[in-house]
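Fold and geometry: a report
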Amino acid sequence: MENIFDIKTEHDFLAASLRTFRCQYDNIEVYRKFVDYLKINPEEVRTLDKIPFLPIEMFKNHQILDKNVSTDLFFQSSGTTQMNLSKHFIADENIYKESIYRSFEQFIGKPEDFIFLGLLPSYLEKQNSSLIYMVDFLMKKSGKPENGYFLYNHEDLFKLLNDLKDKKVILFGVSFALLDFLDFCNSNLQILRFSNTLTVIETGGMKGRKEEMTKDELLVILQEGFKTDKIYSEYSMTELLSQAYSLGQNEYQCPNWMRILIRNVEDPFSYEKHGKTGAINIIDLANIHSCSFIATQDLGKIAGDKFQVLGRIDHSDIRGCSLLVS
């Protein structure tokens with residue numbers, strides 16, 4: 001495969017996607033069976049919307065991996081021990097590292113310029129987290145002695161953030177943990193005096209830990225609590241090796257090797273026009289050795305050259321995706 005990180009134009013992206021599709025059809029057994037079941041001839045696929053997107057649930061029950069490679073490294077989705085968790089097997093760590101670095105640099109800046117703090121308790125408590133791998137990598141690139149993680153030691157985090165008020169700090173935080181931290185500050189009458197050099201990147205993830213709220217509501221609370229308009233968001237998942245970033249207003253941008261399509265919730269083979277809400281399909285060309293074409297259970301819509309994430313599909317309306325899995 002050519003270097004996906006050199007993609008510059010839409011023509012480049014389409015050509016790379018079609019080559020990737022045919023390569024993965026030839027070499028990934030589960031994906032080939034899926035495409036054959038749909039009675040799709042790979043040679044007749046010439047546009048992005050004609051590429052079959054593998055339901056993300058397949059990662060829970062199958063090893064999605066190129067037959068020509070082997071690996072013991074995998075990332076696993078979060079959840080309870082009773083749940084059937086997704087596994088994404090990683091044949092080439094360097095692809096993930098380059099994707100992390102280039103995406104962060106494109107949308108935020110060079111990792112070497114920042115101190116990285118992680119408020120990611122639910123992920124630190126699990127093994128094989130792709131998010132922890134990502135933040136670890138950014139911390140190593142940063143090389144700052146202040147880099148570190150926090151579980152529930154909110155007082156320590158509060159003191160450090162105030163000590164670093166003149167430094168460029170990135171705070172990665174799962175949504176419920178950021179809200180818990182602000183609750184701690186308010187209940188203890190701690191006054192946050194962070195400068196504009198603090199950037200908070202929320203990574204989603206209520207998972208029943210807090211009362212559900214919209215992304216817009218969450219961003220307003222975080223902006224007021226941290227006294228900053230630099231509340232960013234990161235959108236990725238266990239099954240991806242790329243990250244999209246929002247620099248505010250719940251509007252995400254993809255790196256050049258990643259694209260979003262919005263499918264009809266009830267008909268997975270038709271697509272919504274820009275501005276219309278539907279289910280998110282993702283093309284992630286960094287998934288060279290697994291599957292680059294994934295139908296998620298997230299709802300969203302495309303707005304110009306950006307996209308919004310609006311929540312999860314109501315399982316009562318998931319008929320189209322269920323048909324694909326069946």
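Because the structure is predicted, anything quoted here is derived from the model rather than measured.

1. Regarding the packing of helix 4 (residues 93-107) against helix 6 (residues 130-142)
Relative to each other, helix 4 and helix 6 sit at 70°, their axes nearing to 10 Å. With respect to helix 6, the element helix 4 is oriented roughly perpendicular. Note that helix 4 runs across helix 6; the crossing there is right-handed. Only S130, Y133, M134, F137, L138 and K141 of helix 6 make contact with helix 4, whose side of the interface consists of E93, Y96, K97, I100, Y101 and F104. Tallied by class, the residues present in the contact of helix 4 with helix 6 amount to eight nonpolar, one polar and three charged.

2. Here we look at the side chain of D284
In this structure, D284 sits in strand 12 (residues 278-284). Although D284 lies buried, it forms no salt bridge, and the closest oppositely charged side chain, R259, sits 9.6 Å away as judged by the N-O distance. From its side chain, D284 meets the backbone nitrogen of L241 in a polar contact 2.8 Å long. Those residues within four positions of D284 in sequence are excluded, and the remaining contacts are L240, L241, S242, W257 and S292.

3. A look at helix 4
An ideal rise of 1.5 Å per residue puts 21 Å on 15 residues; helix 4 measures up with 22 Å between its terminal C-alpha atoms. The set of residues buried in helix 4 consists of I95, Y96, S99, I100, Y101, S103, F104 and F107. You can read the cap of helix 4 off the contacts: a side-chain oxygen lies 3.0 Å from the backbone nitrogen of N94, and it is on D92. Following helix 4 by one or two positions, G109 adopts a phi angle in the positive range, close to 150°.

4. Description of a nonpolar patch on the surface
A cluster of nonpolar residues, L124, L151 and Y152, forms a patch on the protein surface that exposes about 250 Å² of accessible area. Residue position: L151 is located in the loop between strand 5 (148-150) and helix 7 (154-163). With relative accessibility at 37%, the residue L151 sits in the partly exposed group.

Calculation rules
- Residues numbered from 1 in each chain as written.
- Predicted model: local features only at pLDDT ≥ 70, side-chain atom pairs only at ≥ 80, totals over all residues.
- Heavy atoms only, no water.
- Axes fitted to C-alpha atoms, helices over the stretch in contact; angles between N-to-C directions.
- Helix = DSSP H or I, 4+ residues; strand = E, 2+ residues; numbered from the N terminus.
- Parallel < 35°, antiparallel > 145°, perpendicular 65-115°, else oblique.
- Left-handed = near helix turned anticlockwise from the far one by under 90°.
- Contact = heavy atoms within 4.5 Å.
- Nonpolar A, V, L, I, M, F, W, Y, C, P; charged D, E, K, R; others polar.
- Buried < 20%, exposed > 50% of the residue type's maximum accessible area, 1.4 Å probe, protein only.
- Lys, Arg positive; Asp, Glu negative; His and termini not counted.
- Salt bridge = Lys/Arg side-chain N within 4 Å of Asp/Glu carboxyl O.
- Polar contact = N/O pair within 3.5 Å; in protein donor to acceptor, adjacent residues only side chain to side chain.
- Expected span 1.5 Å × (residues − 1).
- Patch = residues over 30% accessible without salt bridge, like charges linked within 9 Å, V, L, I, M, F, W, Y side chains within 5 Å.
- Areas by Shrake-Rupley, 256 points an atom, 1.4 Å probe, with all protein chains shown as cover.

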